[in-house]
Amino acid sequence: MSSKNNLLVNLENAGVYKSPKWLIRGVSLEVKSGQIVTLIGPNGSGKTTTAKMVLSILEPDEGSMKRYTDKIAYVPQKINIDWTMPLRVVDFMRLTNYLSDNEVIESLNQTGVENLFNEQIHGLSGGEFQRVLLARAIAKKPELLVLDEPVQGVDFNGEIDLYNIIKNISTNLNCGILLVSHDLHFVMSATDHVVCLNGHICCSGKPSAIIKDKAYIELFGEHRSKTLTYYQHDHDHTHNSDGSVSN
Amino acid sequence: MFDDFFTRALVTGIGIAIITGPLGCLVIWRRLSYFGDTLAHSALLGVTLAYAFSLNIAFSVFVISAVIALLLLNLQKRTRLAGDSLLGLLAHSTLAIGLVLIGFLSSIRFDIMGLLFGDILSVTVEDIALVWIGGFIILVILYFIWKSLFSATVNFDLAFAEGMQPNVYNMIFTLLLAGVIALSIKMIGTLLITGLLIIPAAASRNITNNPKQMVFVAILIGILSVTIGLFTSLELNTSSGPSIIVIAIILFIISLIPLELRGKLQK
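Conventions we followed
Residues numbered from 1 in each chain as written. Chains lettered and ligands numbered in written order. Predicted model: local features only at pLDDT ≥ 70, side-chain atom pairs only at ≥ 80, totals over all residues. Contact = placed C-beta atoms within 7 Å. Helix = DSSP H or I, 4+ residues; strand = E, 2+ residues; numbered from the N terminus. Core = buried A, V, L, I, M, F, W, Y, C linked by C-beta atoms within 7 Å. Buried ≥ 20, exposed ≤ 12 C-beta atoms within 10 Å, placed from the backbone. Pairing = 2+ DSSP bridges. Axes fitted to C-alpha atoms, helices over the stretch in contact; angles between N-to-C directions. Expected span 1.5 Å × (residues − 1). Right-handed = clockwise from strand over helix to strand, strands pointing away.

**Q** So what about the interface of chain A and chain B? Which residues, and what values?
**A** How big an interface is tends to be stated in terms of the accessible area lost upon association of its parts. Listed as interface residues are 18 residues of chain A and, on the opposing side, 19 residues of chain B. Ranked by residues supplied to the side of chain A that touches chain B, first place goes to strand β5 (residues 72-75) of chain A with three residues.

**Q** So what's going on with the nonpolar core? Which residues, and what values?
**A** Ranked by size, the top nonpolar core spans 145 residues in total, and within it Val146(A), Val61(B) and Ile181(B) carry the most contacts. Residues in contact with Val61(B), not counting those within four places in the same chain, are Ala43(B), Gly46(B), Val47(B), Ile181(B), Ala182(B) and Ile185(B).

**Q** So what about the pairing of strand β9 (residues 201-205) of chain A? Which residues, and what values?
**A** All names here are of chain A. With four bridges connecting them, strand β8 (residues 193-197) and β9 associate as antiparallel partners. Bridge pairing links Val-194 to Gly-205 in β9. Once β8 ends, the chain turns through three residues before running back antiparallel as β9, passing Gly-199 with a positive phi of about 85°.

**Q** Could you give an account of the sheet that holds strand β4 (residues 62-67) of chain A, naming the residues involved and the relevant values?
**A** Residues and elements named next belong to chain A. Taken together, three strands build an open sheet; the order of strands is β2-β1-β4 and the sheet is antiparallel. Looking along the sheet, the strands with just one partner apiece sit at the ends: β2 (21-32) and β4. Going from strand to strand, the sheet's axes swing by 15° on average, the running direction of each strand aside. Pairing geometry for strand β1 (residues 7-18) and β4, over five bridges, is antiparallel. Among the inter-strand pairings, Glu-12 is bridged to a residue of β4, identified as Ser-64. Contacts from helix α1 (residues 47-54) reach β1, β2 and β4 within the one sheet, and its direction differs from that of β1 by about 125°.

**Q** Outline the environment of Gly26(A), listing residues and values.
**A** Residue position: Gly26(A) is located in strand β2. In contact with Gly26(A), not counting residues within four places along its chain, are Asn13(A), Gly15(A), His200(A) and Ile201(A).

**Q** Break down helix α10 (residues 211-236) of chain B for me, with residues and values.
**A** Each full turn of the α-helix corresponds to 3.6 residues, which orients residues three or four apart in the same direction. Helix length check: α10(B) (26 residues) gives 36 Å between terminal C-alpha atoms against 38 Å at 1.5 Å per residue, within 8%. Count one or two residues on from α10(B) and you reach Asn237(B), which has phi positive near 55°.

**Q** Which residues make up the pairing of strand β6 (residues 144-148) of chain A, and what values go with them?
**A** Residue and element names in this part refer to chain A. Most of β6 is tucked away, with five of its five residues classed as buried. Of the two faces of β6, both are covered, the one formed by Leu-144, Val-146 and Asp-148 as well as the one formed by Leu-145 and Leu-147. Bridge count for β5 against β6 is four bridges, and the pairing is parallel. From the neighbouring strand, Ile-72 faces β6, where its bridge partner is Leu-144. A crossover links β6 with its parallel partner strand β7 (residues 176-180), the connecting element being helix α5 (residues 156-172), and its sense is right-handed.

**Q** Explain unusual backbone geometry residue by residue, including any values.
**A** Residue and element names in this part refer to chain A. A cis geometry characterises the amide bond from Ser-19 onward to Pro-20, with omega recorded as 5°. Mapped onto the fold, Pro-20 is located in the loop between β1 and β2. Phi at Glu-149 takes a positive value of approximately 50°, unusual for a residue other than glycine. Position of Glu-149 among the secondary structure elements: in the loop between β6 and α5. Look at Glu-149 and you get buried, because 20 C-beta atoms sit within 10 Å.

**Q** Give me the sheet that holds β6(A): which residues, what numbers.
**A** Residues and elements named next belong to chain A. Judged by pairing direction, the sheet is mixed, and its six strands sit side by side in the order β5-β6-β7-β3-β8-β9 without closing on themselves. Whereas interior strands pair on both sides, the edge strands pair on one side only; in this sheet they are β5 and β9. Recorded for the sheet is a direction-independent mean angle of 10° between the axes of neighbouring strands. Across five bridges, β6 lies against β7 in parallel orientation. Within β7, the residue paired with Val-146 across the bridge is Leu-178. This element, α1, spans β3 (36-40), β6, β7 and β8 of the sheet and lies at about 155° to β7. Docked against the sheet, α5 engages β3, β6 and β7, running at close to 155° with respect to β7.

Functional significance is not addressed by these values, which are geometric in nature.
Next comes the structure, spelled out in structure tokens:
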């Protein structure tokens with residue numbers, strides 16, 4: 001596919017300094033259309049900082065960031081909505097976007113939460129909220145999608161669901177995805193390019209190359225780094241997001 | 001039509017309530033109530049300067065409020081003192097400077113109580129025009145920047161990342177806030193303006209479940225507070241500002257009742 005070569009964003013030796021230390025240094029990476037680039041690394045390794053540079057929320061203090069699209073959607077790692085603000089799911093879906101009711105339902109449907117349309121944001125469970133966050137991002141039909149730990153708080157089956165959805169977005173919308181993730185299964189089986197961070201780039205490349213990299217094995221340990229296969233179990237039925245059984 | 005001072009006060013007050021509704025909601029969503037207070041305190045300095053140099057009061061208050069807002073942004077870059085400390089510093093220093101300056105103006109007849117608590121007797125036809133035209137401009141601007149402002153209120157990073165330019169609109173919002181304080185000084189007084197911003201919005205939150213609804217109900221509660229408050233003030237010969245706020249707080253207490261009922265029904 002020739003459109004695969006559409007460069008969306010490019011970090012060149014970029015770093016962010018916050019007194020008294022560098023949060024991250026020397027990051028070079030690029031995201032192209034239809035590509036999933038994953039950032040992995042321990043807590044405090046600079047994953048979110050790198051994502052925020054790509055979104056230009058943070059300016060690089062050294063190096064450079066070049067972005068070639070303005071059609072961006074973002075799923076932040078943390079988002080607290082105060083009770084003072086009454087907010088239904090549908091209001092949240094329209095936060096930065098003009099959407100008809102049908103478009104809202106369609107997007108919620110993609111992450112399996114169309115039943116939450118009129119619910120208060122404050123009443124959602126962690127997993128439901130993540131699904132709404134992802135639906136909102138999909139509704140924007142972005143060219144570049146930045147997902148900062150999009151499956152946190154989602155149950156096991158839900159996690160697989162959401163990762164499948166993410167994989168589908170990249171194919172269907174042909175958008176580039178920058179994903180911050182802890183889930184090595186998904187990272188290794190479904191992403192195109194992995195960047196392993198720990199204050200700097202430890203190693204980066206195709207998943208198949210990364211898993212053999214010494215720096216990677218050192219960072220994640222012999223045992224976890226080998227868990228390569230994407231676990232799938234036989235199920236004679238499927239669950240809806242609310243737990244009910246369907247066939 | 002506006003011959004009667006009371007009619008003039010009512011029309012002005014309703015105009016103010018319509019502007020303080022949406023702005024008040026944003027103030028409480030953004031936890032800016034103390035910021036509103038600071039602007040209102042500095043308004044005293046604005047009024048004093050207006051008398052000293054015979055300027056239009058609303059204009060002078062607006063300029064001083066805008067200067068204070070800019071000063072705050074500047075101070076935040078220069079020191080690591082917390083926001084509330086800086087606001088306290090600005091609020092009380094401008095209040096003090098205002099009061100000192102009033103001392104120098106002893107030759108001019110100056111109703112300080114009216115300034116602090118509002119004075120319906122002094123509302124003129126020009127005030128009505130100022131509030132309604134100024135208010136209309138504020139609401140039109142607010143309408144056009146609402147989406148950006150609202151998204152930044154929910155989550156700044158998200159709004160910024162998705163190109164809503166929240167820093168620009170936050171700045172405009174601050175100016176609008178300065179504007180509404182300038183417009184309502186005469187009616188409510190400097191000490192109580194924040195009350196009219198916050199209380200109707202807070203009461204509205206208790207009985208609504210989405211942002212638009214909250215804004216409209218806040219406006220309604222504001223209008224009710226102004227209307228009943230002014231009639232009470234006329235009847236009991238009390239200051240207009242405090243009377244309006246007392247009614248607002250009574251409405252707030254009433255707004256809590258449905259919450260309690262809901263709690264009981266769920267049990």
